Amino acid sequence: HIAVHFQERHTASLELLEYEPFPSKETGGNLFLADIDSASDAVEKKLPYIGKAEIRRVLPSSLEIEVSEEQVAGVVLDDTQYILVGVSGKVLERLTEQPEGYPLVKGMAVQSAAIGTQIVYQDSEKTSVFEKLTQAISELGLEKVTEIDLTDSYSTTVLYDNRILLKLGTPTSFKEKLLTFLTLLEKGSLTETDRGTLDLSLVVETDRSYFSEDFSVSSAASSDGAAASSDAGASSAAENPSSAPAA
């Protein structure tokens, strides 16, 4: 007997059982002779949206499979196709149209991206920066991310809700910088109607962030918004209450 427990999207457990390395009773196979590690790898590759498959032997004669869904990091444009990439770097889908509800990732040239495998980018340094940034976004539960721009990895930007451009600067302390933004939202220092650029590039060093109001900020204008002025005349400074975790 094989029991499958799904945490998220997948419900068709039979799809997991239609291929080796799971032996069937019909073929006289012995479940306890199955290669558990190979089986886990096979499940994760066959069903791309599965992030992790844990397989356990259960006495007297069962295997138990627990699978969790891979969270989406963003959509990378590769020539004419959009690649849906998980937080772990796994390729989930290749689409001809941009899917809604996921961040568009700019500045990442793709070397290879077969479905169910790890995506390989041409620039290894940018790959590391992207992984750190998406991990921070995932850990903080930051939603409404419209766009991630790594064209210049030392001037990384994230577009929030198609209206606030977050300037993160050098590829360090992403979690602390994004936590500052979440805290400003929680306190009401930034509202649901604000549009502009929030400079978080030096918040760790100076404990200050700067917001420049700009109603032209959007996904289409993010490349211009990244250069928005943050001088004293056009900006308002906000203290960084980084010691107070945002919910």
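Anything mentioned here points back to the structure above.
Please read all numbers here as calculations on a predicted model, not as lab measurements.

A. Molecular detail of the environment of F211. Mapped onto the secondary structure, F211 falls in strand β14 (residues 208-213). Relative accessible area serves as the criterion here: at 9%, F211 is assigned to the buried category. Note: C-alpha distance between F211 and L165 (46 residues apart in sequence) is 9.5 Å.

B. Representation of the layout of surface pockets in the model. Its volume calculated, the largest pocket comes out at about 390 Å³. Q71, V72, A73, I137 and L142 are, among the 19 residues lining the largest pocket, the residues nearest its centre. Elements represented by at least two residues in the lining of the largest pocket include exactly β4 (72-78), α2 (124-140) and β10 (145-149). For the lining of the largest pocket, the element with the most residues is α2, which contributes 3 residues. A class-by-class count of the residues in the lining of the largest pocket yields 9 nonpolar, 5 polar and 5 charged.

C. Expanded view of the pattern of salt bridges. Following the criterion strictly, the structure yields 6 salt bridges and no others. Residue E139 pairs with K175 through a salt bridge whose shortest N-O separation is 3.0 Å. With E139 in helix α2 and K175 in helix α3 (residues 174-187), the pair connects residues that are 36 residues apart, well separated along the chain. Overall, the relative accessible area of 47% leaves E139 in the partly exposed class. On the basis of relative accessible area, K175 is assigned to the partly exposed category, the value being 38%. Here K144 makes a salt bridge to E192, at a shortest N to O gap of 3.9 Å. Residue K144 is located in the loop between α2 and β10, and its partner E192 is located in the loop between α3 and β13 (196-199); the two are separated by 48 residues in the primary sequence. K144 sits in the partly exposed class, given a relative accessible area of 43%.

Basis of the calculations
Residues numbered from 1 in each chain as written. Predicted model: local features only at pLDDT ≥ 70, side-chain atom pairs only at ≥ 80, totals over all residues. Heavy atoms only, no water. Helix = DSSP H or I, 4+ residues; strand = E, 2+ residues; numbered from the N terminus. Buried < 20%, exposed > 50% of the residue type's maximum accessible area, 1.4 Å probe, protein only. 1 Å grid on protein atoms, 1.4 Å probe; cavity = no way out; pocket = protein on both sides within 12 Å on 5 of 7 lines; lining within 4 Å. Points joined across faces, edges and corners; volume = space filled by probe spheres on them. Nonpolar A, V, L, I, M, F, W, Y, C, P; charged D, E, K, R; others polar. Salt bridge = Lys/Arg side-chain N within 4 Å of Asp/Glu carboxyl O.

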